[in-house]
Amino acid sequence: MSWNPKTLVKAAEKAGVKFAVDETWLDVDPYGSGFQPVGVVWHHTASGVLSTGNMPSLQWCRFPGQYAGEARACHIVVGRDGFLQIIAGKGAYHAGAGGPMKVNGTYIPKDIGNRYLIGIEIEANS
């Protein structure tokens, strides 16, 4: 079955959490139809004392530059207040090389975890 990015929106709606979706969330697709998620990678953004606001890493996650080219650094950013910002619906560069591993019955080969895992970045105060 092919991945439907709107699954992220439906999951947020079903959970009853407050969220927003970037206008450009479907514009970047580093893998074409090669993104077929079977699991999730949770990241904790360890912000320093100078990081202020609810989502200090949001702009970097949207536009990580040389780290990921045009791709996003994750799919969802969770603010310090629990608000979700959905920034990507297709592939993102967040899981590093990833693999080899087995997730939910799917074998993820060495170095291509980004094609199989949804990335969620969670903001913190320190």
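All values reported here derive from a predicted model rather than from experimental measurement.

Description of the overall build of the chain
At step 1: Secondary structure summary: the chain contains two helices and seven strands in total.
At step 2: Mapped in sequence order, the helices and strands of the chain form the string α-β-β-α-β-β-β-β-β.
At step 3: A compact globule built from 126 residues should have a C-alpha radius of gyration of about 14 Å, and the chain, at 14 Å, falls within 12% of that.
At step 4: Residues classed as buried in the chain amount to 43% of the 126 residues present.
At step 5: A fraction of 64% describes how many contacts in the chain between residues 6 or more apart in sequence connect residues 24 or more apart.
At step 6: Here the chain displays about 7100 Å² of accessible surface, and carbon together with sulfur accounts for 55% of that area.

Focus on the side chain of Asp22
At step 1: In this structure, Asp22 sits in the loop between β1 (19-21) and β2 (39-45).
At step 2: Judged by its relative accessible area of 9%, Asp22 falls in the buried class.
At step 3: At a separation of 2.6 Å, a polar atom in the side chain of Asp22 contacts the side chain of Arg62.
At step 4: Look past the residues within four positions of Asp22 in its chain and what remains in contact with it is Arg62, Gln85, Ile86 and Ile87.

A short note on the sheet that holds strand β7 (residues 117-123)
At step 1: Spatially, β1-β4-β3-β7-β2 is the arrangement adopted by the five strands of the open sheet, whose pairing is mixed. The open sheet is flanked by β1 and β2, the only strands paired with a single partner. Across this sheet, the average inter-strand angle for adjacent strands is 20 degrees, counted without regard to direction.
At step 2: In terms of strand pairing, β2 meets β7 through seven bridges, oriented parallel. Its bridge partner lying in β7, Thr45 is registered against Glu123.
At step 3: Packed on one face of the sheet, helix α1 (residues 6-15) meets β1, β3 (76-78), β4 (84-86) and β7 and runs near 165 degrees to β1.

As for the confidence of the model for the chain
Low pLDDT means the predicted atomic positions in that stretch should not be read closely.
At step 1: Scored by pLDDT, the chain has a mean of 88; 95% of the residues are at 70 or more.
At step 2: Looking at the elements of the chain, mean pLDDT is at its lowest for β2, recorded as 87, and at its highest for β1, recorded as 98.

Thoughts on unusual backbone geometry
At step 1: Positive phi outside glycine occurs at Asn104, with the angle close to 50 degrees.
At step 2: Considering the arrangement of structural elements, one finds Asn104 in the loop between β5 (101-103) and β6 (106-108).
At step 3: Classification of Asn104 by relative accessible area gives exposed; the value is 66%.
At step 4: Of note in the backbone geometry, Asp111 takes a positive phi value of approximately 70 degrees without being a glycine.
At step 5: By relative accessible area, Asp111 is classed as partly exposed at 46%.

Quick notes on α1
At step 1: Listed in full, the buried residues belonging to α1 are Leu8, Val9 and Ala12. Angularly, the buried residues of α1 cover 100 degrees about the axis, an arc narrow enough to put them on a single face. Exposed residues pointing more than 90 degrees away from the buried face of α1 are listed as Lys10, Glu13 and Lys14.
At step 2: Among the structural elements, β1, β3, β4 and β7 are those in contact with the buried residues of α1.
At step 3: Note on α1: the residue one or two positions beyond its end, Gly16, has a positive phi of about 75 degrees.

Basis of the calculations
Residues numbered from 1 in each chain as written. Predicted model: local features only at pLDDT ≥ 70, side-chain atom pairs only at ≥ 80, totals over all residues. Heavy atoms only, no water. Helix = DSSP H or I, 4+ residues; strand = E, 2+ residues; numbered from the N terminus. Rg over C-alpha atoms; globule rule 2.2 N^0.38 Å. Buried < 20%, exposed > 50% of the residue type's maximum accessible area, 1.4 Å probe, protein only. Contact = heavy atoms within 4.5 Å. Areas by Shrake-Rupley, 256 points an atom, 1.4 Å probe, with all protein chains shown as cover. Polar contact = N/O pair within 3.5 Å; in protein donor to acceptor, adjacent residues only side chain to side chain. Pairing = 2+ DSSP bridges. Axes fitted to C-alpha atoms, helices over the stretch in contact; angles between N-to-C directions. pLDDT = per-residue confidence, 0-100. Arc of directions from axis to C-beta.

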